[in-house]
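Report on the structure
Next come the chains, spelled out residue by residue.
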Amino acid sequence: MTEAILLVGGKGTRLRPLTVNTPKPMVPAAGVPFLTHQLARARAAGVEHIVLATSYLAEVFEPYFGDGSGLGLHIEYVTEEEPLGTGGAIRNVAARLRSGPDEPVLIFNGDILTGLDIRALVATHETTGADVSLHLTRVEDPRAYGLVPTDATGRVTAFLEKPQTPEEIVTDQINAGAYVFRRSVIDTIPAGRPVSVERETFPELLATGAHLQGMVDSTYWLDLGTPQAFVRGSADLVLGRAPSPAVTGRCGDRLVLPTARVAPDAKLTGGTVVGDGARIGEGARITGSTILSGAVVEPGAVITDSLIGTRAHIGERTILSGAVIGDGAVVGPDNELREGVRVWCDAKIPAGALRFSSDQ
């Protein structure tokens, strides 16, 4: 198998304001755009040709990755004029594929961080003679996902929408967002209109007797759709919990990019990343967080499980926990922002304006 499709066209609305100026796959995780980790893992598995199915802010991908030669790949770009969904995006790039009708094509969703054994998924596809093979993973609470039950041989028997009652939870297996398609199956997806592989393509293939094979791989898996998950995924890459050939150097508690400046007594732990040109002041304590390029964290600030956007400014003694601060935003001194807060790009919060506790 030498080629793959990466679906990177989504707007990333659950990640806003991180995705106001940057498409989700290009938001940095462990010091590089998240997409870099997916491309590097595909290359390590033997993939040589990748087509990126782009849509939202499509113009930012090619200037960064070029023809892919820097990663040992050949990358092509196809942009949707209107969003076409997962199936429509796959069909839209079909003309750029080189595989023969019975050859396998790997397909990745662009927002999944996973330790999937890609070669094993392809081997499963080939040895079972499947039309489509799906990476499945097990989760403790599958209510937020579509369920994918299989028989004793791993053959998919149904696609069940998000269960609403305990009786509907017939399996803990969910669609993990990586597939191998027989090339000819891609050509059967309707062209020129939105199509969901999860809701339309896969159920229709089952209904017509096609062979859909599931491979359960319970290694690291994380959907990076929310800011909290994205921050956790970046930290796990730095800590070595999530595998990626794109993480350079030794894994540890922190990753500080070369042009960042960190005060000697600042404490960075829990997989914290400090981007190029960022500045961390004296006595700051940062745990499990991502500080993007050009951001400033003033002395005495305490930041936990948060993401600070490019050129954002965090004032002295300000406390952030589970917060997302948009690009260029300014949070003045002595503020306290807790779980779930999102400060929009270029917003300005005055000193001591927002707190969850007394100022004493």
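This structure is a prediction, so every number in the text was calculated from the model and none was measured.

Cut-offs and rules
Residues numbered from 1 in each chain as written. Predicted model: local features only at pLDDT ≥ 70, side-chain atom pairs only at ≥ 80, totals over all residues. Heavy atoms only, no water. Pairing = 2+ DSSP bridges. Helix = DSSP H or I, 4+ residues; strand = E, 2+ residues; numbered from the N terminus. Salt bridge = Lys/Arg side-chain N within 4 Å of Asp/Glu carboxyl O. Buried < 20%, exposed > 50% of the residue type's maximum accessible area, 1.4 Å probe, protein only. Core = buried A, V, L, I, M, F, W, Y, C linked by side-chain atoms within 4.5 Å. Contact = heavy atoms within 4.5 Å. Expected span 1.5 Å × (residues − 1). Arc of directions from axis to C-beta. Polar contact = N/O pair within 3.5 Å; in protein donor to acceptor, adjacent residues only side chain to side chain.

This part is about the sheet that holds strand 18 (residues 290-291). If you walk across this open sheet you meet the six strands as 12-15-18-21-24-27, and the pairing is parallel. Where the open sheet ends on each side, the last strands, each with one partner, are strand 12 (254-256) and strand 27 (342-343). Judged from the two bridges that link them, strand 21 (residues 307-308) and strand 24 (residues 324-325) form a sheet pairing that is parallel. If you follow Leu-307 over to strand 24, its bridge partner there is Val-324.

Next up on the list: the pattern of salt bridges. Applying the stated criterion to the full structure yields 14 salt bridges. As a salt-bridge pair, Asp-102 and Arg-182 come within 3.4 Å of each other at their nearest N and O atoms. Taken together, the residues Asp-102 in the loop between helix 3 (85-92) and strand 6 (104-109) and Arg-182 in strand 9 (residues 173-182) connect sequence positions 80 residues apart. Taking the relative accessible area as the measure of exposure, Asp-102 reaches 59% and is therefore exposed. Residue classification places Arg-182 among the buried residues on the basis of a relative accessible area of 17%. Via salt bridges that share partners, Asp-102, Asp-131 and Arg-182 belong to a single interconnected network.

Attention now moves to the nonpolar core. Ile-5, Ile-107, Leu-134, Phe-181, Ile-186, Phe-202 and Leu-212 are the most contacted members of the largest nonpolar core, which totals 29 residues. Those elements giving two or more residues to this core turn out to be strand 1 (3-7), strand 4 (49-54), helix 3, strand 6, strand 8 (132-138), strand 9, helix 5 (183-186) and helix 6 (197-207). What Ile-107 contacts, discounting residues up to four positions off in sequence, is Ile-5, Leu-7, Ile-90, Gly-177, Ala-178, Tyr-179, Phe-181 and Ile-186.

The next point concerns the side chain of Asn-335. Turning to its location among the elements, Asn-335 is positioned in the loop between strand 25 (330-331) and strand 26 (336-337). The class for Asn-335 is buried, based on a relative accessible area of 0%. Excluding residues within four positions of it along the chain, Asn-335 makes contact with Arg-317, Thr-318, Ile-319, Ile-349, Pro-350, Ala-351, Gly-352, Ala-353, Leu-354 and Arg-355.

Pairing is parallel across the open sheet formed by five strands, whose spatial order is 14-17-20-23-26. Lying at the two open borders of the sheet, with one neighbouring strand each, are strand 14 (267-269) and strand 26. The sheet contact formed by strand 17 (residues 285-287) and strand 20 (residues 302-304) spans three bridges and is parallel. Its bridge partner lying in strand 20, Thr-287 is registered against Thr-304.

Another point: unusual backbone geometry. Along the chain, Arg-16 connects to Pro-17 via a cis peptide bond; the corresponding omega equals 10°. Looking at the element boundaries, Pro-17 is found in the loop between strand 1 and strand 2 (28-29). In this structure, Leu-57 takes a positive phi of about 50° despite not being glycine. Within the element layout of this structure, Leu-57 appears in the loop between strand 4 and helix 2 (61-65).

Attention now moves to the pairing of strand 10 (residues 212-216). Judged by how many residues are buried, strand 10 sits mostly within the fold: four of five residues are covered. Inspection of the sheet shows strand 8 paired to strand 10 by five bridges, in the parallel sense. When the sheet's bridge partners are listed, His-135 is paired in strand 10 with Met-215.

Summarising burial for strand 6: six of the six residues are buried, a large majority. As judged from the four bridges shared by strand 1 and strand 6, these two strands associate in the parallel manner. Counterpart to Leu-6 in the pairing with strand 6 is Phe-108. Strand direction decides the pairing type here: strand 6 and strand 9, joined by five bridges, are antiparallel. Following the sheet pairing, Val-105 is matched in strand 9 by Phe-181.

So, about helix 7 (residues 227-239). Helix length check: helix 7 (13 residues) gives 18 Å between terminal C-alpha atoms against 18 Å at 1.5 Å per residue, within 8%. Among the 13 residues in helix 7, ten count as buried, and that is most of the element. Those residues of helix 7 that sit buried are Pro-227, Ala-229, Phe-230, Val-231, Gly-233, Ser-234, Ala-235, Asp-236, Leu-237 and Val-238. A positive backbone phi angle near 85° is found at Gly-240, which sits one or two residues after helix 7.

The residue Lys-267 is located in strand 14 in this model. For the pair Lys-267 and Thr-287, spaced 20 residues apart in sequence, the C-alpha separation works out to 8.1 Å. Not counting chain neighbours up to four residues away, the residues in contact with Lys-267 comprise Ala-284, Arg-285 and Ile-286.

Another point: helix 4 (residues 118-128). Along helix 4, the positions that sit buried rather than exposed are Ile-118, Leu-121, Val-122, Thr-124 and His-125. End-on view of helix 4: buried residues confined to an arc of 155°, all on one side of the axis. Among the exposed residues of helix 4, those pointing more than 90 degrees away from its buried face are Arg-119, Glu-126 and Thr-127. Against helix 1 (34-44), strand 6, strand 8, strand 9 and strand 10 lie the buried residues of helix 4. N-capping of helix 4 is provided by Asp-117, with a side-chain oxygen placed 3.3 Å from the backbone N of Arg-119.

The analysis is restricted to geometry; functional conclusions fall outside its scope.
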